[in-house]
Amino acid sequence: MVEAIVAHARADHPDEACGLVAGPEGTGEPKRHIPMTNAARSTTFYEFDAEEWKRVYDEMWDNDEEVVVAYHSHTATEAYPSRSDAGIASELGLPQAHYLLVTTRDPAIAEVRSFRISEGEVTEEPIEAIGAPDAVQTYKFAHSPDSTVYDCH
Amino acid sequence: MSVEVRVPTILRQHTGGQKVVSGAGSTLAELFDDLDTSHSGLKGRVVTDEGNLHRFVNVYVNDEDVRFIGGLEAKLEDGDSVTILPAVAGGM
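Residues numbered from 1 in each chain as written. Chains lettered and ligands numbered in written order. Predicted model: local features only at pLDDT ≥ 70, side-chain atom pairs only at ≥ 80, totals over all residues. Heavy atoms only, no water.

Caption draft 1: Examining the sheet that holds strand β1 (residues 3-6) of chain B more closely. Residues and elements named next belong to chain B. If you walk across this open sheet you meet the five strands as β2-β1-β5-β3-β4, and the pairing is mixed. The open sheet has two edge strands with one neighbour each: β2 (20-23) and β4 (64-65). In terms of strand pairing, strand β3 (residues 57-61) meets β4 through two bridges, oriented antiparallel. Looking at β4, one finds that Val61 is bridged to Glu64. The sheet strands contacting helix α1 (residues 28-38) are β1, β2, β3 and β5 (81-86), and the helix crosses β2 at an angle near 110 degrees. (Pairing = 2+ DSSP bridges. Helix = DSSP H or I, 4+ residues; strand = E, 2+ residues; numbered from the N terminus. Contact = heavy atoms within 4.5 Å. Axes fitted to C-alpha atoms, helices over the stretch in contact; angles between N-to-C directions.)

Caption draft 2: Geometry of the packing of aromatic side chains. Evaluated as defined, the whole model comprises four aromatic pairs over all chains. For the ring pair Trp53 of chain A and Tyr57 of chain A, a centre distance of 5.8 Å and an interplane angle of 75 degrees mean the geometry is edge-to-face. Of this pair, Trp53 of chain A and Tyr57 of chain A both sit in helix α2 (residues 50-62), four residues apart, roughly one helical turn. In this structure, Trp53 of chain A and Tyr57 of chain A share a single accessibility class: buried. Centroid distance Tyr57 of chain A to Trp61 of chain A: 5.9 Å. Interplanar angle 50 degrees. Geometry classified as tilted. With a gap of four residues between them, Tyr57 of chain A and Trp61 of chain A both fall in helix α2, about one helical turn apart. Across this residue pair, the class does not change: Tyr57 of chain A and Trp61 of chain A are buried. The ring centre of Trp61 of chain A lies 4.8 Å from the NZ or CZ of Lys19 of chain B, which sits over that ring. (Phe/Tyr/Trp six-rings, centres within 6.5 Å; stacked < 30°, edge-to-face > 60°. Buried < 20%, exposed > 50% of the residue type's maximum accessible area, 1.4 Å probe, protein only. Lys NZ or Arg CZ within 6 Å of the ring centre and 35° of its normal.)

So, to be careful, I would describe these as geometric facts and stop short of saying anything about function.
Put into structure tokens, the structure is as follows:
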């Protein structure tokens, strides 16, 4: 799944790419990758297309799913939430989601990092990509019970 | 006259954890006034002090993005479904 997310970010480069991974409500398990259209079509900004987001949300609602991962890419800067990323997500965001960032600034190195964003606070969390060792070249390793594991099968 | 409102996770603190609440009003503005009486604070998360929709919230009447049907003046009918969603966005 991380492979698919990185591929989406690469495909949309130099624009920022964005999307979701949905999973059964309450489980926190990332199951279904949903690439979204960046309505801003910008190298420095992203926003879910409002109509598409409504369709996807209705589908998730009917399936009793929730957003487990909300990802977007940075095309020229590091994979860290910007001030507006954190501001918007805190004001009205997805409190249950892992905010995943991919940077595509280097064509050979995919850097992926994951964050929780809540009430203005950005907290990085360790992640572990399993199943596709070549999908990501740098990420924050973790092997603790608190780590978030993205399955690459 | 009753309208179903789907509440996103981040605003369920105002609805006692309920995903769906019901309200009344012939326009969206009236609906949010009505909702605020039973779900205190909900309106303030969606509507600014100046009486506009917050920039990073999406509100839909059935499948229509209300920005295209009059914003808070959008008309409501009995049985309509209103969905509030965070506008997932960010930038450098």
